[in-house]
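# Working through the structure, step by step
Okay, here's what each chain looks like letter by letter:
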Amino acid sequence: MSDIVNEAVTVLNEKLAGADFSGTAKFDIEGEGAVMMDESGARAADDAADVTLSADAETFKSIISGDTNPTSAFMTGKLKVDGDMGMAMKLAAVLA
């Protein structure tokens, strides 16, 4: 498992703590691995999810650090969304 995935799990668990997020989402980080998120938090895994968000490592780090808005990343083609768009929007609100 990559350092980026490990760091992502830590940061995403902080962001998800106390958030009202139900369902499953997956961040697929190109060349690094995947992070699953659900109501119990974030973990390194590559399971089926309601929505999968795919991005390169640089874009992903920028999103979780708050430097890049997930919606802007999607609109500019840096973030790809496959699955439940409503779930992606809920996740974007949690990450903001």
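In this report, the structure presented in the accompanying data block is examined. What you see as residue numbers is a count from 1 along each chain, following the sequence as written. Note on the predicted model: pLDDT of at least 70 is required for a residue's local features to be given, and 80 or more for side-chain atom pairs to be given and counted; whole-chain, interface and lining totals, by contrast, use all residues. Hydrogens are left out, water is left out, and the side-chain values use all remaining heavy atoms of the structure.

## Quick look at the sheet that holds strand E4 (residues 51-55)
What holds strands together in a sheet is hydrogen bonding between their backbones, with the strands either parallel or antiparallel. Here is the rule we go by: Criterion used throughout: strands pair if DSSP finds at least two bridges between them. Here a strand is any run of E in DSSP of at least two residues, a helix any run of H or I of at least four, and the numbering for each starts at the N terminus. Between N-to-C directions, angles span 0 to 180 degrees; the directions come from axes that are lines fitted to C-alpha atoms, helices contributing only their stretch in contact. Contacts between residues were defined by any pair of non-hydrogen atoms, one from each residue, lying within 4.5 Å.
Pairing is mixed in the open sheet, where five strands are placed in the order E3-E2-E1-E4-E5. Two strands lie at the open edges of the sheet, namely strand E3 (41-44) and strand E5 (80-83), each paired on one side alone. Here the strands of the sheet are splayed against their neighbours by 20 degrees on average, with no regard to which way each runs. Judged from the four bridges that link them, strand E2 (residues 33-38) and E3 form a sheet pairing that is antiparallel. Residue pairing for E3: Asp 38 is matched across the bridge by Gly 41. Each of strand E1 (25-29), E2, E4 and E5 touches helix H4 (residues 85-95); the most contacted strand, E4, lies at about 60 degrees to it.

## Some words on the pattern of salt bridges
To keep things clear, this is the line we draw: Counted as salt bridges are all cases of a side-chain nitrogen of Lys or Arg within 4 Å of a carboxyl oxygen of Asp or Glu. Burial status follows relative accessibility: with a 1.4 Å probe on protein chains alone, a residue under 20% of its type maximum counts as buried, one over 50% as exposed, and anything between as partly exposed.
The tally for this structure, following the rule as stated, stands at three salt bridges. The salt bridge involving Lys 26 is made with Asp 46; its shortest N-O contact spans 2.7 Å. A residue pair is termed long-range when its members are at least 10 positions apart, and Lys 26 in strand E1 and Asp 46 in the loop between E3 and E4 qualify at 20 residues. Judged by its relative accessible area of 12%, Lys 26 is buried. Because the salt bridges share partners, they merge into one network encompassing Asp 38, Arg 43 and Asp 47.

## What about the side chain of Thr 52?
Here Thr 52 is to be found in strand E4. Its relative accessible area of 16% is what places Thr 52 among the buried residues. Beyond its immediate chain neighbours, meaning those up to four positions away, Thr 52 contacts Lys 26, Asp 28, Lys 80, Val 81 and Asp 82.

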